[in-house]
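Fold and contact review
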Amino acid sequence: MKRLPKRRRGMIFASAVSLFTTLENPDSAYANTALEWFNDNGIRLGGWINGGATFNPTQLTGFNGPVTFADRSNRFQLNQFNIYVQRPVVAEGSTWDFGGRIDFMFGTDAIFTQAYGVPAFDANTGQPLNRSNWDLDVCCASTRYYGIAFPQAFAEAYVPVGNGLNVKVGHFYTPIGYESVPAPDNFFYTHAYTMQYGEPFTHTGVLGNYKIAQNWTFMGGVTTGSATGGWDGGFDKQLGNWGGIAGITWTSEDMGTSANISGTYSATSTRSDEPWMLYSIVLKHKFTDKTHFVLQHDHGFAGNVFLNNVFYSNVIKDAEWYGINTHLYYDLMPELTIGVRAEWFRDRDGFRVFSPGRVAAATDNRGFSYALGRNQLGNSTSSPADYYAVTVGMNWRAAKRLKLDWKPLQQFNIRPNVRYDAADGLHGIDYRPFGGHKDQVVLSLDFMVPF
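This report concerns the structure included in the present document. Only a predicted model underlies this, so the values are computations on that prediction, with no experimental measurement involved. (Residues numbered from 1 in each chain as written. Predicted model: local features only at pLDDT ≥ 70, side-chain atom pairs only at ≥ 80, totals over all residues. Heavy atoms only, no water.)

1. Some words on the overall build of the protein chain
Counted only if it meets this: Runs of H or I in DSSP of at least four residues are treated as helices and runs of E of at least two as strands, each being numbered from the N terminus. For this measure, only C-alpha atoms enter the radius of gyration; the expected value for a globule follows 2.2 Å times N^0.38, where N is the number of residues. For the exposure calls, accessible area comes from a 1.4 Å probe over protein chains only, and a residue counts as buried if that area is under 20% of its type's maximum, exposed if over 50%, partly exposed in between. Should any heavy atoms of two residues lie within 4.5 Å, those residues are considered in contact. To be clear on the numbers: accessible area is Shrake-Rupley with a 1.4 Å probe, and residue cover counts the displayed protein chains and nothing else.
Within the protein chain, the regular secondary structure consists of 6 helices and 16 strands. Relative to a compact globule of 451 residues, whose C-alpha radius of gyration would be 22 Å, the protein chain shows 22 Å and is just as compact. For the protein chain, the spread of C-alpha atoms along the three principal axes comes to 60 × 55 × 50 Å. Sorting the 451 residues of the protein chain into buried and exposed places 53% on the buried side. Put simply, of all contacts in the protein chain between residues at least 6 apart along the chain, 65% involve residues at least 24 apart. Entry remark: accessible area of the protein chain is about 20,000 Å², with carbon and sulfur atoms responsible for 59%.

Here it is in structure tokens:
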């Protein structure tokens, strides 16, 4: 893929720095004028910075095995420097309203949320493909870990029909599942296998949300731009591969309990009519005002995909993946919450989970992975296996306890975590995806500053 000229890449970085300066120095004349214009037009500017470090005594490869996002072992990483511009729509009343949003992300997480829905190799045949040009190659040819993504770029409208219809058109985060890419939306620094490998991160297409009744909400739409069943599509390839996305949510009167089922269905690509589908069930319940519980189950299927892993060698067959994870959170005090997440995830055919995850994501259609350096062949592995993970951690909003008044620190969040992972190869396979081990313990500490 052709890289952007240095001048254009420089303009992107300069624009990001300029916007961040405006947000952090609202007393300057330029900032006052700009922010006044944005406020008058209902436009919001914001974002967050998220970074952290992990300690993994058993890893010498520099990666935490199949763990993505906080994947760099024994190193600090700037995960997300995210800036967004948004005009939220007024989602009520009898008047049309229009808005939209665009997100810019720089950091080590960018590679996992780019529009990579056209993979380096065809999912059904294994043949090399030319990938999407939306945001896969915006910058950073000189670094193995940092990149830029534009995970959202959509227009939005409120249509005053019935109880009110919201419609998004463009590129947006998936509404499926519980965990999501934006760091402020998650309790833990790391993610469950369900989210990392079992679900899409983004879609390109049209999505509508409609409140059917007081307790019921329906969402549905169409997706395109993807050669992986409508997942993580872009704007320039596979635009003829249309699929569907839908879901329904019930919420109790007191807002303490909710149940959601959602999913996707599509042909794999314009070259294959084989089905690619997923459903996800998420149940939430507040046992008390301080105790929050989440139960999630996902099940995915892809028809006649190409498998080449520890167990299967150049085999075409149906693939499935499924699992269960639970979350339990308790608010010890207004600024301190503790939580635990436990998960079992089965990659039945070795089709979804790769180790190291970044090496697989950064592999091109020649088999080289820039996560390993220039002209280095990708060495990520996969296998039919069960994965188990338990994570214990806390969220400490230090500014509240320390009574810091500086506005950017009001939502400053520190998240220490301890995570245990284990893998059990199916079919009697002795699979060791954690740097030659069957399990690992990862200690992590990260911080988050929304602005």
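2. Here's the deal with the nonpolar core
The condition that has to hold: What makes a nonpolar core is a set of buried Ala, Val, Leu, Ile, Met, Phe, Trp, Tyr and Cys residues whose side-chain atoms join them at distances within 4.5 Å.
Of all hydrophobic cores here, the largest spans 28 residues; its most connected members are Tyr193, Trp276, Trp321, Phe351 and Tyr387. Where this core is concerned, the elements lending two or more residues are helix H4 (193–198), strand E10 (272–286), strand E11 (291–307), strand E12 (315–333) and strand E14 (385–396). Tyr387 has contacts with Pro66, Tyr193, Glu343, Trp344, Phe345, Asp347, Val353, Ala422, Ala423, Tyr431 and Pro433, leaving out every residue within four places of it along the chain. In this structure, Phe69, Phe112, Phe201 and Val359 belong to the second largest nonpolar core, which totals 13 residues.

3. Topic: the pairing of strand E2 (residues 76–87)
For the record, the criterion: In this scheme, strands are said to pair when DSSP sees at least two bridges between them.
In the sheet, strand E1 (residues 44–55) pairs with E2 via 10 bridges, with the strands oriented antiparallel. What sits directly across from Gly52, in E2, is Gln77.

4. Here's the deal with unusual backbone geometry
The peptide bond linking Ser355 to Pro356 adopts the cis configuration, its omega dihedral lying at -5 degrees. We note that Gln238 has phi near 60 degrees; this positive angle belongs to a residue other than glycine. Residue position: Gln238 is located in the loop between strand E7 (216–224) and strand E8 (243–251). Owing to a relative accessible area of 12%, Gln238 belongs among the buried residues under this scheme. For His427, which is not glycine, the phi torsion reads 60 degrees and is therefore positive.

5. A short note on the packing of aromatic side chains
This is how it is decided: Between rings of Phe, Tyr and Trp, where Trp is taken as its six-membered ring, a pair exists when centres lie within 6.5 Å; planes separated by under 30 degrees are stacked, by over 60 edge-to-face, and by other angles tilted.
On inspection of all chains with the given rule, the structure shows 24 aromatic pairs. With a centroid separation of 6.1 Å and an interplanar angle of 45 degrees, the aromatic rings of Trp321 and Phe351 are classed as tilted. Note that Trp321 is positioned in strand E12 and Phe351 in the loop between strand E13 (336–347) and helix H5 (357–361), a separation of 30 residues in sequence. For Phe351, a relative accessible area of 12% corresponds to the buried category. Through successive ring pairs, a cluster of aromatic residues spans Phe69, Phe112, Tyr116 and Phe201.

6. A short note on the pairing of strand E6 (residues 202–213)
Where strand E5 (residues 165–173) meets E6, 9 bridges bridge the pair, whose relative direction is antiparallel. Bridge assignment links Phe172 to a residue of E6, and that residue is His203. Sheet analysis places E6 next to E7, joined by 9 bridges and oriented antiparallel. Considered in E7, the bridge of Gly208 is made with Gly220. The antiparallel hairpin formed by E6 and E7 contains 2 residues in its connecting segment.

7. Some details on the environment of Pro334
Following the sequence through the fold, Pro334 ends up in the loop between E12 and E13. Separated by 62 residues in the primary sequence, Pro334 and Trp396 place their C-alpha atoms 9.3 Å from one another.

8. Comments concerning the pattern of salt bridges
How we decide: The term salt bridge refers to a pairing of a side-chain nitrogen on Lys or Arg with a carboxyl oxygen on Asp or Glu at a separation within 4 Å.
One pass over the full model with this rule turns up 15 salt bridges. Notably, a salt bridge pairs Asp71 with Arg358, separated by 2.7 Å at the nearest N-O pair. In this pair, Asp71 is assigned in the loop between E1 and E2 and Arg358 in helix H5, connecting sequence segments 287 residues apart. Residue class for Asp71 comes out buried when judged on its relative accessible area of 1%. Ionic pairing is found between Arg348 and Glu320, a salt bridge with its closest N-O pair at 2.7 Å. Within this pair, whereas Arg348 is found in the loop between E13 and H5, its partner Glu320 is found in strand E12, the two being separated by 28 residues in sequence.

9. Re the environment of Ala91
Tracing the sequence through the fold places Ala91 in the loop between E2 and strand E3 (97–107). Looking at Ala91, the relative accessible area reads 47%, which means it is partly exposed. Sequence separation between Ala91 and Glu335 is 244 residues; the distance between their C-alpha atoms is 31 Å. Ignoring sequence-local partners within four residues, the contact set of Ala91 consists of Tyr158 and Asn166.

10. Description of the side chain of Ser132
Let me state the cut-off plainly: Polar contacts here mean pairs of N or O atoms no more than 3.5 Å apart (in protein, one a potential hydrogen donor and the other a potential acceptor; neighbouring residues in sequence count only if both atoms are side-chain atoms).
By the secondary structure assignment, Ser132 is in the loop between helix H3 (110–113) and strand E4 (147–159). At 3.3 Å, the side chain of Ser132 and the backbone nitrogen of Trp134 are in polar contact. For Ser132, the side chain forms a polar contact with the side chain of Asp236, separated by 2.9 Å.

11. Topic: the environment of Pro416
In this structure, Pro416 sits in strand E15 (residues 413–425). Along the sequence, Pro416 and Lys211 sit 205 residues apart, while their C-alpha atoms lie 38 Å from each other. Setting aside residues up to four positions removed in sequence, Pro416 forms contacts with Val392, Gly393, Met394, Ser444 and Leu445.

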